[in-house]
Structure formats: structure tokens, C-alpha cells
Amino acid sequence: MRIIPIIVPTPFYVGPVNCYLIAEDPVTLIDTGPKTKEAVEALREGLRRARFRVSDIRRIVLTHAHEDHCGLAHKLRDEAKDAEVLVHGWETGHRVGRLEYEDHRQLLVRAGVPDEEIRAMRGMYEKLRTYADALEDDEHSELKDEMELEFATGALRVVHTPGHTPGSCSFFREADRTIIAGDCVLKRITPNPILSPDPVDPTKRFHSLAEYLVSLARLRSLSPTLVHGGHGDVVTDFEELFHRYLRAVNERQAEVIRLVPKTGATAWDVARELFPGAGDVHRFLAVSEAVAHLDFAHSEGKLAVEIGDGREVYRRQ
Ligand SMILES: [Zn+2]
Ligand SMILES: [Zn+2]
């Protein structure tokens, strides 16, 4: 099975995104890049170099529905004359190209984010939305855990790896223990668990960090030799990376708990202490990181939480 990376530029801080062409029947593209002119051009060029065209694509598989990964899915599907698009059912809000703003707003209020900041973040949602076309329910099928994506010479097994987002999926090729992992595994950076509503009950928050740690352990149990991430170089030393991630998570846990004063703090307070210089989209990522760690510390019994004034206030036990 030939897995050909195609590196596609994005306008985002994270830099270019890795899309993967599975160059055999049915010709499959894993992730697409954002909806920008530059991304479409890079993708066409990558396909051309591999001696394919967009019209050859039969299947578009999304590791998750962030704009840098899913943005072009609709456009490519149309151009490839109804190629099948597959994405996990838990990528609810993102899947249709609109983050469910109202659900997110409630999560942000509970995290103690001030009104004017929430308004600024709304602008960010609106802008992000322009980098992806919506996929309606009848325009995609669902990826399911353990499902096999068949190819002429083998198969990729779907491994649901929630954490970065609720519906993040990885794809495992048993024959050589290769994994395509989207943003679940990244060479240079520890992936951010992004603040998301729970896909089953949107009034609740998705416990991203706890889920993420389970997903990482699950990938580790597959003893991967090569991991293709959503950004950056291929990972050949997953075991080492796994331990590096765990150390980073433990250090951040300790730091977050230290930042919670006896008098109590909201996730927003902790985020501002953790990343004082963060502006713009980074404030949202900072809140995501703080919430993920506070939830985790709470579930481990290290912090107590109370709701006052519609906001969650954490206290050290
Ligand atoms: Zn992502
Ligand atoms: Zn990404």
C-alpha cells in the first residue's frame, strides 16, 4: 500500500497540514487542507506528482473536522463526482462547517470567560468557518471504530482516538504497523485537547484530556513503527514520544494545580496565568488547555469545583 504525504499550506499558526494519498483502488485521500486557493493548488500539484487527478479520488476520509483538515472535502467530493466522504459521527459541530456556537458559548461562560472575550472569540469562529464548506448529513458517511477501509492490497483499520476532538480517528495498517493519526500524534508539539461540547450530551463538556490519554495508550498498544501525524515529520519513535507526552501532561497538571489559589479560580483565570501573552485564537486554545487540565485534576480528586454565578470555580482540596 502506497501512502503518499501531500503537504498543504494553511493560514493557521500550526503551519502546513499533512494530507495522505492512498495510491491504489479505491483512490483515497485522508484529510484535504483548508478551503484556500493556495491549499487547492498544493493539493492538485501533489496529486499530479503522484500521477493522479482530483477526479480519480473515490474516497475522502477525515481524521477530524478541523478546518485545516476538512475544509476542501465538499469541493473535492463535487469535483471527483461524488466521491464518498467519511468522518466520525462525534465530529458533530465541526462536521457541518459550523462550530455549534451556542453550545460553545455556554461552555465558555462556565469557564469564566468574560463577555467581551466571548464576543471576540465569536469573530474567530465566524472567520474559521470561511475555511471549510459544510457537509450535510446526506453528503457523508460515518467512520466507526474498528471498521476496515478496504483497498486493493490491504486494509486500514479505523481506530477511534478521541481527545484532540471527540471524533478524531486514526488509521492502522496492520501489515507494517503504520498509523495515520491526524492531530492525535504530532512530532514537535503536544496536541491540544480542544474545548468541545460532549457529543452525546452537548450541555456537558467533553472530557478531552482523560479521553486523550486513553487514546494514546490505545495507539501504543498497537506498537506502531511509523506514525504519520497531521502536521510535521513522521514519527519513528512513538514509544519515546508517548513518554514525552506523559511527562508534559504531568508537568502541566502540577502547574495548573499550583495556579489555583486557596480562594478559588475559574478556568479563564488559570488560562491567563498559564499563557499571559496569549491573544486572539490563542486565548481560546489557552482556555481549552486550562479546562482540560482542571477537569482532569477534578476527576482525579485533586481539585474541588463549585458553580457560583453560572461559572465554575475550582479550589484546592
Ligand atoms: Zn485539529
Ligand atoms: Zn491540525
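Caption draft 1: Inspection of the sheet that holds strand S4 (residues 59-61) at higher detail. The sheet built from six strands is open, its strands ordered S1-S2-S3-S4-S5-S6 with mixed pairing. The sheet is open, and its two borders are formed by strand S1 (3-8) and strand S6 (141-143), each paired with just one other strand. Across the sheet, the axes of successive neighbouring strands diverge by a mean angle of 25°, strand direction being ignored. In terms of strand pairing, S4 meets strand S5 (residues 84-88) through three bridges, oriented parallel.

Caption draft 2: Spotlight on the packing of aromatic side chains. Inspection of every chain in the model, using the stated rule, returns three aromatic pairs. Geometrically, the ring pair formed by phenylalanine 12 and tyrosine 131 is edge-to-face, given 5.1 Å between the ring centres and 80° between the ring planes. With phenylalanine 12 in the loop between S1 and strand S2 (17-22) and tyrosine 131 in the loop between helix H6 (115-129) and S6, this pair connects stretches of sequence that are 119 residues apart. Directly above the aromatic system of phenylalanine 151 lies the positively charged group of arginine 59, at a separation of 4.6 Å from the ring centroid.

Caption draft 3: Fine view of the pairing of strand S7 (residues 148-151). Because side chains alternate across S7, one face comprises the buried residues Leu149 and Phe151, and the other comprises Glu148 and Glu150, none of which is buried. Joining the antiparallel neighbours S7 and strand S8 (residues 154-160) is a turn of two residues.

Caption draft 4: Seen up close, the nonpolar core. By size, the foremost hydrophobic cluster in this structure holds 30 residues, and its most contacted members are Leu21, Leu43, Ile60 and Leu62. The element that contributes the greatest number of residues to this core is helix H1 (residues 37-49), accounting for four residues. With sequence-adjacent residues up to four places away left out, isoleucine 60 is seen in contact with Leu29, Thr32, Ala73, Leu76, Arg77, Ala83, Glu84, Val85 and Leu86. If you look at the next biggest cluster of nonpolar residues, it comprises 29 residues, including Val113, Val260, Phe284 and Val287.

Caption draft 5: Representation of the coordination of the zinc ion (ligand 2) in the model. Distances from the zinc ion (ligand 2) to its protein donors, Asp68 (OD), His69 (NE2), Asp183 (OD) and His231 (NE2), fall at 2.1 to 2.7 Å. Classification of the site at the zinc ion (ligand 2) as irregular follows from its four donor atoms and the range of 85 to 152° in their angles at the metal. Spacing between the donor residues of the zinc ion (ligand 2) along their common chain follows D-H-x113-D-x47-H. The two metals, the zinc ion (ligand 2) and the zinc ion (ligand 1), are separated by 3.4 Å and share aspartate 183 as a common coordinating residue. Residue aspartate 68 is found in helix H2 (residues 67-70), and its partner aspartate 183 is found in the loop between strand S10 (178-182) and helix H7 (208-221); the two are separated by 115 residues along the sequence.

Caption draft 6: A look at unusual backbone geometry. Of note, the bond from aspartate 25 into proline 26 is cis; its omega dihedral lies within 30 degrees of zero at -15°. Within the fold, proline 26 resides in the loop between S2 and strand S3 (28-30). One non-glycine residue, lysine 81, adopts positive backbone phi at about 50°. Lysine 81 sits in the exposed class, given a relative accessible area of 67%. Phi angles above zero are rare outside glycine, and serine 223 is one such case at about 45°. Along the chain, serine 223 turns up in the loop between H7 and strand S11 (226-229). Overall, serine 223 belongs to the partly exposed group, its relative accessible area being 44%.

What counts and how
Residues numbered from 1 in each chain as written. Chains lettered and ligands numbered in written order. Predicted model: local features only at pLDDT ≥ 70, side-chain atom pairs only at ≥ 80, totals over all residues. Heavy atoms only, no water. Pairing = 2+ DSSP bridges. Helix = DSSP H or I, 4+ residues; strand = E, 2+ residues; numbered from the N terminus. Axes fitted to C-alpha atoms, helices over the stretch in contact; angles between N-to-C directions. Phe/Tyr/Trp six-rings, centres within 6.5 Å; stacked < 30°, edge-to-face > 60°. Lys NZ or Arg CZ within 6 Å of the ring centre and 35° of its normal. Buried < 20%, exposed > 50% of the residue type's maximum accessible area, 1.4 Å probe, protein only. Core = buried A, V, L, I, M, F, W, Y, C linked by side-chain atoms within 4.5 Å. Contact = heavy atoms within 4.5 Å. Donors = N, O, S within 2.8 Å, 3.2 Å for Na, K, Ca; no water. Tetrahedral: all angles 85-135°; square planar, octahedral: opposite > 155°, others 65-115°.

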